[in-house]
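A structural walkthrough
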Amino acid sequence: MSSSVDKPNCITCKAMVAWEAGKDLVMEEVEVSPPQPHEIRIKVVCTSLCRTDITAWESQAIFPRIFGHEASGIVESVGEGVTEFVEGDHVLTVFIGECKMCKHCESGKSNMCQVLGLERRGVMHSDQRTRFSIEGKPVYHYCAVSSFSEYTVVHSGCAVKVSLQAPLEKICLLSCGVAAGLGAAWNVADISKGSTLVVFGLGTVGLAVAQGAKLRGASQIIGVDINPEKYKKAKAFGVTDFLNPNDYEEPIQQVIKRISGGGTDYSFECIGNTGMVTTALQSCCDGWGLTVTLGVPKVKPEIESHYSAFLSGKTLKGSLFGGWKPKSDLPELVNKYMNQEIQIDEFITHNLPFEDINKAFTLMKEGKCLRCVIHMPN
């Protein structure tokens, strides 16, 4: 591998490539182009597997593809016009960027950057091309990040500089799942002290919601999941009551309303099941109950609900990346971790070498992990 300070060269490295939907990733040698204007090339240090990677891998038709979007790394080279980063900087990748100039970035009301928003076509934001290839044929990106590769290229607006002292093998979780849950609790719902809530789905995102609620002083945090093994872990993040819908003959929303005194102040759908959005709405109280949906559905994206829920004063809100503006907000989340104000280590259930990434997919599909951190070769 070679690079130049002034003009980076194309490099060859290992990447885990998905050739077909739902089939094991294959270790391949890929060519990674130099960063183009306003882009940086990153040596990936650690990447963790997110449920969204699995959803896309099982269903999306753009192949061959390099998945992965929750990652940390070191800047290897910078493209023309990049002034924010230099070689050697430590960074987190982010699947939505922050240009700081568009209407949404300037509004203070939204993190939905109009320039560097969610990329769905497998290419770079700037020129609609890929930076990966095998024998001259393109290999497509995922969320404009593609961290299941030893090296990747991202737009400089889709990377966040972090402290050199922050452990990259831990804080990679803040580039998606943990940050998304905390932000849903703090930014989107703005949970108040003494309030009650229910969280549907006790994966990483749901437990991060619970952690955020606990830190805000919530009085009751109900966790709902069909996997009873998650209860012990959930208690450590603040869940006070655990409900398994399979243990009840009556609808789970009726159980929730009964044990919360008429419905919770907030409910969070963290599964990616639009049917559960309706259940979450029915679980919160009339008058001011707020439901936040975070999950990405595999099928049936439409939400159905009776209008009376909204006439009674309930609210339904969506949340993307917890409302965080990545460049503006993530460095402070890293600082909170460094100051032991938030938990990250407890989400990491497995550490695996890069070549075992398919094992991480299996563990998550079987519900046997929260986060698997994949460690790249030195």
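Residues numbered from 1 in each chain as written. Predicted model: local features only at pLDDT ≥ 70, side-chain atom pairs only at ≥ 80, totals over all residues. Heavy atoms only, no water.

**With respect to the sheet that holds strand β14 (residues 290-293)**
- With respect to topology, 6 strands assemble into an open sheet ordered β12-β11-β10-β13-β14-β15, the strand pairing being parallel. The open sheet has two edge strands with one neighbour each: β12 (241-243) and β15 (315-318). The average angle at which neighbouring strand axes cross in this sheet is 20 degrees, direction not considered.
- Here strand β13 (residues 266-269) pairs with β14 via 4 bridges, running parallel. Bridge assignment links S267 to a residue of β14, and that residue is T291.
- Relative to strand β10 (residues 196-200), helix α5 (residues 204-215) is tilted by about 165 degrees, and along the sheet it contacts β10, β11 (220-224) and β13. (Pairing = 2+ DSSP bridges. Helix = DSSP H or I, 4+ residues; strand = E, 2+ residues; numbered from the N terminus. Axes fitted to C-alpha atoms, helices over the stretch in contact; angles between N-to-C directions. Contact = heavy atoms within 4.5 Å.)

**A short note on helix α1 (residues 51-59)**
- Turning to α1, its buried residues number three or more, namely D53, I54, T55, A56 and W57.
- In this fold, the buried residues of α1 make contact with β3 (39-48) and α11 (357-365). (Buried < 20%, exposed > 50% of the residue type's maximum accessible area, 1.4 Å probe, protein only.)

**Thoughts on the side chain of T264**
- Inspection of the secondary structure puts T264 in the loop between α7 (252-259) and β13.
- On the basis of relative accessible area, T264 is assigned to the buried category, the value being 0%.
- Residue contacts for T264: discarding those within four places in its chain leaves T196, L197, V198, I222, I256, S283, C284, C285 and G289.

**Comments concerning the nonpolar core**
- Counting 99 residues, the largest nonpolar core has V30, F148, I171, L174, L197, F268 and L333 as its most contacted members.
- At 7 residues, the largest contribution of residues to this core is made by helix α4 (residues 177-188).
- Residues contacting L174, with those up to four places away along its chain left out, are L92, A179, F321, L330, L333, V334, I342 and I344.
- With 10 residues, the next largest nonpolar core counts V198, V224, L243 and V255 among its residues. (Core = buried A, V, L, I, M, F, W, Y, C linked by side-chain atoms within 4.5 Å.)

By themselves these figures say nothing about function.
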